[in-house]
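Observations on the three-dimensional arrangement
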Amino acid sequence: MNDHLMWRYATKKFDASKKIPKAELQELLETLQFSPSSCGLQPWKFIVIHDADLRKKLKAHGHDQSQITDADTLIVFCAVKNMDESYVKRFIERVAQVRHTSKESLAGYEQMMITLIKGKGPQDLSQWTHNQVYIALGMLLNECAYRRIDACPMEGFDAQKFNEILELPKAGLEAVVLCTIGYRAADDKYAAASKVRFEQNEVFIERS
């Protein structure tokens, strides 16, 4: 049995007095930075919020959920709204820099990605970028569980209000999902609740 996945749960009540050590928080953020994405394009940004006043303002548009203000850190997962040719070219420049190769040698890779993006309509492209964001969320949840740091993924919020308050449209971004991380409160009743999952024979279909 995977102990750290059995240990984790969507934490409903955080201990506001407990803080994640800075070095460990940095390593969690690196998990997001190095999360996989389609073609490696990373169509995301992560807004890391500690400011108490800002979090209180956001809480009013998150169904007043206490996790938003009580967890050590609030992370707003955002998707890049306008994936285009210039974004791909900037990524190719980064690839060439990191791998010490010429942009010319990456021409085929670049054109493949441009064709991929241009072949999607606005709705499909938005869905694709949102899907990538959820990959990063899954990576963070797993890493938090491994480190015994509590987390709560949250879709219950007014994304448009978050966009406005955080001025995300100016940066070409839109809020997709939230995740609060920190340490569970001693009296969070959900911490001791049995984990409910369907049996393996109900969730796996084997073809052999």
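What you see is a predicted model; the values in this text were computed from it and never measured.

Turning to the layout of surface pockets, a few remarks are in order. Within this model, the largest pocket holds a volume of roughly 720 Å³. Gln-33, Gly-40, Gln-42, Phe-91 and Arg-94 are the residues nearest the centre of the largest pocket, which is lined by 19 residues in total. Counting only elements with at least two residues in the lining of the largest pocket, the list comes to β1 (44–49) and α5 (85–99). Of the residues forming the lining of the largest pocket, the biggest block, seven residues, is contributed by α5. When grouped by side-chain class, the residues that make up the lining of the largest pocket number 10 nonpolar, five polar and four charged.

Buried residues dominate strand β3 (residues 150–154), accounting for four of its five residues. Note: β3 against strand β4 (residues 173–182), five bridges, orientation antiparallel. Considered in β4, the bridge of Cys-152 is made with Thr-180.

Turning our eyes to something else, we now look at the environment of Glu-155. Summarising the element assignment, Glu-155 is placed in the loop between β3 and α8 (159–165). Sequence separation between Glu-155 and Asn-201 is 46 residues, and the spatial gap between their C-alpha atoms is 29 Å. Dropping the residues within four chain positions of it, Glu-155 is found in contact with Tyr-134 and Val-177. At 2.4 Å, the side chain of Glu-155 forms a polar contact with the side chain of Tyr-134.

Reading the values: the criteria
Residues numbered from 1 in each chain as written. Predicted model: local features only at pLDDT ≥ 70, side-chain atom pairs only at ≥ 80, totals over all residues. Heavy atoms only, no water. 1 Å grid on protein atoms, 1.4 Å probe; cavity = no way out; pocket = protein on both sides within 12 Å on 5 of 7 lines; lining within 4 Å. Points joined across faces, edges and corners; volume = space filled by probe spheres on them. Helix = DSSP H or I, 4+ residues; strand = E, 2+ residues; numbered from the N terminus. Nonpolar A, V, L, I, M, F, W, Y, C, P; charged D, E, K, R; others polar. Buried < 20%, exposed > 50% of the residue type's maximum accessible area, 1.4 Å probe, protein only. Pairing = 2+ DSSP bridges. Contact = heavy atoms within 4.5 Å. Polar contact = N/O pair within 3.5 Å; in protein donor to acceptor, adjacent residues only side chain to side chain.

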